[in-house]
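Next come the chains, spelled out residue by residue.
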Amino acid sequence: MTDGLVSIITPCYNGDKYIAETIESVLSQTYTHWEMIIVDDGSTDHTAQIAMDYVRRDGRIRLVRQANGGTAAARNAAMRIAQGQYISLLDADDVWEPVFLERQLAFMTRMNAICVCSAYRRIDGQGREIQRPTVPLPVITPG
C-alpha cells in the first residue's frame, strides 16, 4: 500500500464510445497521486486499444484484460493489484469534475471518514443534464 495513493478502478465492457472521456477526466484531476486500473472485461470493440494508447502515455494508468466475467469480477481483479491507500470506483461511462478526488480526500481527512459517497448528475451522450443531481445523506450510520 502506498500512502495517499488513490487506486481508481474502472471496469469496462464495450465502452469504446466513452472510455477516452472517462480517462481524460482522471488525467484532469487536481489531485495527481493516483493510479488508474482499467479492466477490459472481454470487450469486442476498441476499448483495449483506446486504453492502451493512454497506458503508453501515462505510467499511472494500467490495463488488465480478462474474459467477460461481469462488473464485480472486473472490480475484484483490479482490487487484487491496487496499490493505493484509497479505492475509488469510476465506471467507464462516467466522468469526474477536476476537483473530485481533491475534495473527497479533504472531506475524508476533515471528517476522519473511512468511506465517502458523493452526489452525481445524469447526463446524456451530449453532456446535457437529464436528471437533477442525486445527493446522498450527509451521514450514513450502520443500521
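Our structure is the block above this text.
(A) Quick look at the nonpolar core. Ranked by size, the top nonpolar core spans 21 residues in total, and within it I8, W34, M36 and I38 carry the most contacts. Mapped onto this core, the elements with two or more residues apiece are β1 (2-12), α1 (19-27), β2 (34-41), α2 (47-57), β3 (61-66) and α4 (100-111). In terms of residue count, α4 provides more of this core than any other element does, 4 residues in total. Once residues within four sequence positions are removed from consideration, I8 is found in contact with V26, W34, E35, M36, I37, S88, L90, W96 and L101. With 6 residues, the next largest nonpolar core counts I37, V39, A78 and A82 among its residues.

(B) Expanded view of the pairing of β2. Summarising burial for β2: 8 of the 8 residues are buried, a large majority. On β2, burial covers both faces: W34, M36, I38 and D40 on one face and E35, I37, V39 and D41 on the other are all buried. Pairing of β1 with β2, which is carried by 7 bridges, proceeds in the parallel orientation. Bridge pairing links T10 to I38 in β2. Handedness of the β-α-β unit built from β1, α1 and β2 comes out right-handed. Of the pairings in the sheet, the one linking β2 to β3 comprises 6 bridges and is parallel in character.

(C) Molecular detail of the side chain of Q29. Here Q29 is to be found in the loop between α1 and β2. Among the polar contacts listed, one links the side chain of Q29 to the backbone oxygen of E97, at a separation of 2.9 Å. Leaving out residues up to four positions away in the same chain, Q29 has contacts with W34, W96, E97, P98, V99, F100 and L101.

(D) Molecular detail of the environment of Q49. On the secondary structure map, Q49 appears in helix α2. Taking C-alpha positions, Q49 is 10.0 Å from L63, a pair spaced 14 residues apart along the chain.

(E) Seen up close, the packing of α1 against α2. Two numbers describe how α1 lies on α2: the axes approach to 9 Å, and their chain directions differ by 25°. Between α1 and α2, the angle falls in the class roughly parallel. Remark: the crossing between α1 and α2 carries right-handed chirality. Between α1, through I19, A20, I23, E24 and L27, and α2, the contact on the second element is made entirely by I50, A51 and Y54.

(F) Representation of helix α3 (residues 71-81) within the structure. Within α3 the residues assigned to the buried category are A74, A77 and A78. The buried residues of α3 occupy one face: seen down the axis, they fall within an arc of 95°. Turned more than 90 degrees away from the buried face of α3, the exposed residues are A72 and R80. Looking at the buried positions of α3, the neighbouring elements they touch are β1, β2 and β3.

(G) Representation of α2 in the model. Every buried residue belonging to α2 is among T47, A48, A51 and Y54, and all of these are buried. Summarising the axial view, the buried residues of α2 lie within an arc of 125°, below the 170-degree limit, and thus occupy one face. Facing away from the buried side of α2, by more than 90 degrees, are the exposed residues R56 and R57. Each element contacted by the buried residues of α2 is listed here: β1, α1, β2 and β3.

Cut-offs applied
- Residues numbered from 1 in each chain as written.
- Predicted model: local features only at pLDDT ≥ 70, side-chain atom pairs only at ≥ 80, totals over all residues.
- Heavy atoms only, no water.
- Core = buried A, V, L, I, M, F, W, Y, C linked by side-chain atoms within 4.5 Å.
- Buried < 20%, exposed > 50% of the residue type's maximum accessible area, 1.4 Å probe, protein only.
- Helix = DSSP H or I, 4+ residues; strand = E, 2+ residues; numbered from the N terminus.
- Contact = heavy atoms within 4.5 Å.
- Pairing = 2+ DSSP bridges.
- Right-handed = clockwise from strand over helix to strand, strands pointing away.
- Polar contact = N/O pair within 3.5 Å; in protein donor to acceptor, adjacent residues only side chain to side chain.
- Axes fitted to C-alpha atoms, helices over the stretch in contact; angles between N-to-C directions.
- Parallel < 35°, antiparallel > 145°, perpendicular 65-115°, else oblique.
- Left-handed = near helix turned anticlockwise from the far one by under 90°.
- Arc of directions from axis to C-beta.

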